[in-house]
Amino acid sequence: MLNRRHFFSGPKRLYKMSSRVFYVVLTVFLLLLVGCTGSIGNYPPRLLIVGLIENSTPQLALIEDTFLTSNAIPNRIRFIENSRRTIAEPAISFDVVERNGDRSELLVLSRSSDDPYQSYFDFFNLSGIDPSSPSAFTATRTRIDLSALVGVAGFCPTEAGISRDGQSAIVFSDRTFCSGDDFRAIYFLDLETETVVDTIDSEPIFGAGIYIDQDLGKAYFLLDEISTSLYCVDLDGKNRALISDGLGLSDPIDLGQAGQTFVVLQDDSFQTIDFSTSPPTLNSPVVTPSNSSLLIESPRNLVPEILFLTGSNLLAYHDESTASGETFASTALNGIIEPELGFAYLILETGLQIFDLISFDSSLNSIIKNYSIHELTIPGPISWTKGLLLGAMR
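Reference entry: report on the structure contained in this document. What you see as residue numbers is a count from 1 along each chain, following the sequence as written. Local features in this predicted model are restricted to residues whose pLDDT is 70 or higher, and side-chain atom pairs enter the listing and the counts only when it is 80 or higher, whereas totals over whole chains, interfaces and linings include all residues. Values shown for side chains rest on all heavy atoms present in the structure; no hydrogens or waters enter the calculation.

Let us now look at the sheet that holds strand β23 (residues 313-317). When DSSP finds two or more bridges between two strands, those strands count as paired. Working definition: helices are DSSP H or I runs of at least four residues, strands are E runs of at least two. Numbering for both runs from the N terminus. Sheet architecture is open: four strands sit in the order β21-β22-β23-β24, paired in antiparallel fashion. Only two strands of the sheet have a single neighbouring strand rather than two, namely β21 (294-296) and β24 (326-329). Neighbour-to-neighbour, the strand axes of this sheet turn through a mean angle of 25°, independent of strand direction. Relative to β23, strand β22 (residues 306-309) runs antiparallel, the two being bridged by four bridges. Counted as the bridge partner of I306 is Y317 from β23. A fitted line through C-alpha atoms serves as each axis, taken over the contacting stretch for helices, and the angle formed by two N-to-C directions is quoted from 0 to 180°.

Shown next, in the form of structure tokens:
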């Protein structure tokens, strides 16, 4: 698979190799090529899918990044006005079918702001969308009344994940976000039959949520036992296994894949677990500035960097072995990493930040750029897909 890092990398991250001169020379070459031809044209546009609220109406919409495309526009970013799609309630969580492949379908978890115990699943096509006429961005399945499907009083979903084939989903429920108590549960759903096939609801689950590894067909979660313990389970709730106990974090708030390893985040530190060894290697916690709140997940082994949001800053670490990170001003509410181009897209109120992972790792300038998008009101989750190379020239 062609990606931007191939211009700057080889095995074991050779884009940092010999010297940064190679990177700089090649960057100049690419800029000259863009200047002569108007674009490089090797890449389809990246389409960002965002949740937002426009005049009290919950919506989804698309934002186009024309970087290195034949239709590149001067300010690079374009909000696609005719991509707005109305949904039942504000979106709070996204996942994607074939997350590390074709990224063909979007799962949307929405929850009412008036009645937090009312929630829904929506599904939208992500394949073959022409940014100039995004009619393909349409619902693929009938909306599911998730509250009715689960049928449990106090069901307060905060996060959902979907299997690679789109037939199974897992929902994390945390009443802290609805009524103030700390009851948490995990529900395993068969989307074909629209039934709950298993539940974890009688154990001390941490509020860090769940992480779905679609390639392995596993879900990961943390239990508050004698120490913090990481478990995995099949997507039907069967075959639970202990991955690692004795984690050095007493109050984890997020978990997921980032860089080369699995990461567990706490507000003032993070800890990585290397699954490539048997048993998995539990590395020592890394102290961070306080108020870390969200891990920006990335596909395994495609980008080495590890990124966190704090509410006022972005913390960036070159890889899991880096003892100290770098801080960038950011009020981003959410983010997603696109590994082929090497960008992290950070969503803000009426704006977008783009963090260039390759420039960051090569200590170049222009690592983070801000784009004003006045249409992006009360933003929620963010995801991405590839748009069609075809489309009207702008």
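Further notes follow.
What follows covers the packing of aromatic side chains. Each aromatic pair joins two rings of Phe, Tyr and Trp (for Trp, the six-membered one) with centres within 6.5 Å, and gets the label stacked for planes under 30 degrees apart, edge-to-face for over 60, and tilted for any other angle. Applying the stated criterion to the full structure yields 17 aromatic pairs. Between F308 and Y317 the ring centres are 6.0 Å apart and the planes differ by 65°, which places this aromatic pair in the edge-to-face class. The same class applies to F308 and to Y317, which are both buried. For the ring pair F328 and F355, a centre distance of 5.1 Å and an interplane angle of 75° mean the geometry is edge-to-face. When accessible area is computed with a 1.4 Å probe and restricted to protein chains, residues below 20% of their type maximum are described as buried, those above 50% as exposed, and intermediate ones as partly exposed.

A few words on the layout of surface pockets. Grid points spaced at 1 Å and placed over the protein atoms alone form the basis of the search, with a cavity being a set where a 1.4 Å probe fits but cannot get out and a pocket an open set showing protein on both sides within 12 Å along at least five of seven lines. Lining residues have an atom within 4 Å of a point. Grid points are joined across faces, edges and corners, and a volume is the space filled by probe spheres set on the points. One number sums up the size of the largest pocket: a volume of about 1,300 Å³. Forming the walls of the largest pocket are 50 residues, and the residues nearest its centre are I92, S93, E159, L294 and N334. Among the elements of the structure, β4 (91-97), β8 (157-162), β9 (168-174), β12 (211-213), β16 (254-258), β21, β25 (334-338) and β29 (382-386) are those that each provide at least two residues to the lining of the largest pocket. With six residues, the top contributor of residues to the lining of the largest pocket is β4. In this count, Pro and Cys sit with the nonpolar residues alongside Ala, Val, Leu, Ile, Met, Phe, Trp and Tyr, while Asp, Glu, Lys and Arg are called charged and the others, Gly among them, polar. Residues of the lining of the largest pocket, tallied by class, amount to 25 nonpolar, 16 polar and nine charged.

The next thing to look at is the state of the cysteines. Defined by distance alone, a disulfide is two cysteine sulfur atoms within 2.5 Å. Considering all chains together, one arrives at one disulfide under this definition. A disulfide bridge connects C156 with C178, and the sulfur atoms are separated by 1.9 Å. Disulfide C156-C178: the torsion about the S-S bond is 75°, which places it as right-handed. In this pair, C156 is assigned in the loop between α2 (146-150) and β8 and C178 in the loop between β9 and β10 (184-190), connecting sequence segments 22 residues apart.

Moving on to unusual backbone geometry. Note the cis peptide between S278 and P279, where omega equals 0°. Positionally, P279 belongs in the loop between β18 (269-274) and β19 (281-282). Despite not being glycine, N55 has its phi angle at roughly 50°, a positive value. Looking at where N55 falls in the secondary structure, it is placed in the loop between β1 (46-54) and β2 (57-65). With a phi close to 55°, E98 is a non-glycine residue in the positive phi region.

The sheet built from four strands is open, its strands ordered β8-β9-β10-β11 with antiparallel pairing. Edge strands, defined here as strands with exactly one partner in the open sheet, are β8 and β11 (195-200). Neighbour to neighbour, the strand axes of the sheet diverge by 20° on average, direction disregarded. Where β8 and β9 come together, five bridges link them in antiparallel fashion. Bridge pairing links E159 to F172 in β9.

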